[in-house]
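Spelled out from the first residue to the last, the chains are:
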Amino acid sequence: MNKVAWNITFEQKIKFEIKDIYFVESENINWTFTYFFYWKTYINSSSELLKSLDEKANINSINHDVSISTEDNIEVYQDRPIDWVYTITSIEWNEENFDSVIEKFAESSPFIVSIREVESSLRFWNRIIRIDIVN
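Residues numbered from 1 in each chain as written. Predicted model: local features only at pLDDT ≥ 70, side-chain atom pairs only at ≥ 80, totals over all residues. Heavy atoms only, no water.

1. Description of the sheet that holds strand β4 (residues 61-68)
Basically, it comes down to this: Strands are treated as partners if at least two bridges between them are detected by DSSP. Helix and strand assignments follow DSSP, with helices taken as H or I runs no shorter than four residues and strands as E runs no shorter than two, numbered in order from the N terminus. Every angle, taken between N-to-C directions, lies between 0 and 180 degrees, and every axis is a line fitted to C-alpha atoms, over only the stretch in contact when it is a helix.
Strand order in the open sheet formed by four strands is β2-β3-β1-β4, and the pairing between neighbours is antiparallel. Looking along the sheet, the strands with just one partner apiece sit at the ends: β2 (22-27) and β4. This sheet shows a mean twist of 10° between the axes of neighbouring strands, independent of strand direction. Relative to strand β3 (residues 33-41), strand β1 (residues 2-10) runs antiparallel, the two sharing nine bridges. Each bridged residue has a counterpart across the sheet, and for F10 the counterpart in β3 is F33.

See below:
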């Protein structure tokens, strides 16, 4: 199975009835809703995930930031639903990479849900690392 962690923003609140997918909902100041998802799946690509979720939500996403273990390095530390406040931190630096971030942060907080690679850094020619926190 593939590990997945992502955040996605929709124009309106979505009622999800998807089994075995954990998520945290956040309302934004512009009346959009951001959802942070984490779970395991047999789907193999981020484009397949987006298509599947957009179909199930019956509304298009405004933006998204998806990491899947078939495309990115990812560690997911929670395998249960959490209903608190979602926060995201990005690390972008020439001397940082996925392994160095894991080494520094993986054991530092019980609130870290995942550490994952996302898009390429235009400044440092490596990958941006995201730390998803729910507390």
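2. Quick look at the sheet that holds strand β6 (residues 86-91)
Spatially, β5-β7-β8-β6 is the arrangement adopted by the four strands of the open sheet, whose pairing is antiparallel. Bordering the open sheet on either side are β5 (74-76) and β6, each of which pairs with just one other strand. On average, each strand axis in the sheet is inclined to that of its neighbour by 20°, with strand direction left out of account. In this structure, β6 lies alongside strand β8 (residues 127-134), joined through six bridges in antiparallel fashion.

3. Details of a nonpolar patch on the surface
The following threshold applies: Residues with no salt bridge and a relative accessible area higher than 30% make up the patches, which join like charges within 9 Å and nonpolar side chains (Val, Leu, Ile, Met, Phe, Trp, Tyr) within 5 Å. Note on areas: these come from Shrake-Rupley sampling with a 1.4 Å probe, and a residue is covered only by the protein chains present in the view. One speaks of a salt bridge when a side-chain nitrogen belonging to Lys or Arg is within 4 Å of a carboxyl oxygen belonging to Asp or Glu. Any residue under 20% of the maximum accessible area for its type is buried, any over 50% is exposed, and the rest in between are partly exposed; the area is computed with a 1.4 Å probe on protein chains only.
A cluster of nonpolar side chains, contributed by W84, V85 and F111, occupies part of the molecular surface with about 300 Å² of accessible area. Note on F111: relative accessible area 34%, which makes it partly exposed.

4. Re the packing of aromatic side chains
Here a ring pair, both rings aromatic, is described through the centre-centre distance and the interplanar angle of the planes. Let me state the cut-off plainly: In summary, the pairing rule links any two rings of Phe, Tyr or Trp, Trp by its six-membered ring, whose centres are within 6.5 Å, and it sorts them by plane angle into stacked for under 30 degrees, edge-to-face for over 60 and tilted for everything else.
Counting across every chain of the model gives 11 aromatic pairs. Taken together, the aromatic side chains of W6, F10, F23, Y35, F37 and W39 make up a single cluster linked through ring pairs.

5. A closer look at helix α2 (residues 98-105)
Formally: The contact criterion used is simple: two residues touch if any of their non-hydrogen atoms lie within 4.5 Å. Think of a polar contact as two N or O atoms within 3.5 Å of one another; within protein, one of them needs to be a possible hydrogen donor and the other a possible acceptor, and neighboring residues in sequence only count if both atoms come from side chains.
Residues of α2 that are buried: F98, S100, V101 and I102. Those residues of α2 that are buried lie in contact with β5, β6, β7 (112-120) and β8. At the N-terminal boundary of α2, the capping side chain belongs to N97, with an oxygen 3.0 Å from the backbone nitrogen of D99.

6. Looking at the nonpolar core
The cut-off we apply is this: As used in this record, nonpolar core signifies buried Ala, Val, Leu, Ile, Met, Phe, Trp, Tyr and Cys residues forming a set joined through side-chain atoms within 4.5 Å.
Core analysis: the biggest nonpolar cluster contains 16 residues, and W6, I8, F10, Y35, F37, W39 and L49 have the highest contact counts within it. Those elements that place two or more of their residues in this core are β1, β3, α1 (46-57) and β4.

7. Here's the deal with the environment of I82
With respect to the helices and strands, I82 occurs in the loop between β5 and β6. Of the residues examined, I82 reaches a relative accessible area of 6% and is grouped as buried. For the pair I82 and F111, spaced 29 residues apart in sequence, the C-alpha to C-alpha distance is 9.8 Å. If we ignore the near neighbours within four places in the chain, the residues touching I82 are F23, V24, Y38, V113 and V134.

8. Description of the pairing of β3
Summarising burial for β3: eight of the nine residues are buried, a large majority. Alignment of β2 against β3, held across six bridges, turns out to be antiparallel. Looking at the pairing, Y22 lines up with Y38 of β3. Counting the residues that bridge the hairpin from β2 to β3 gives five residues, and of these W31 lies at a positive phi of roughly 65°.

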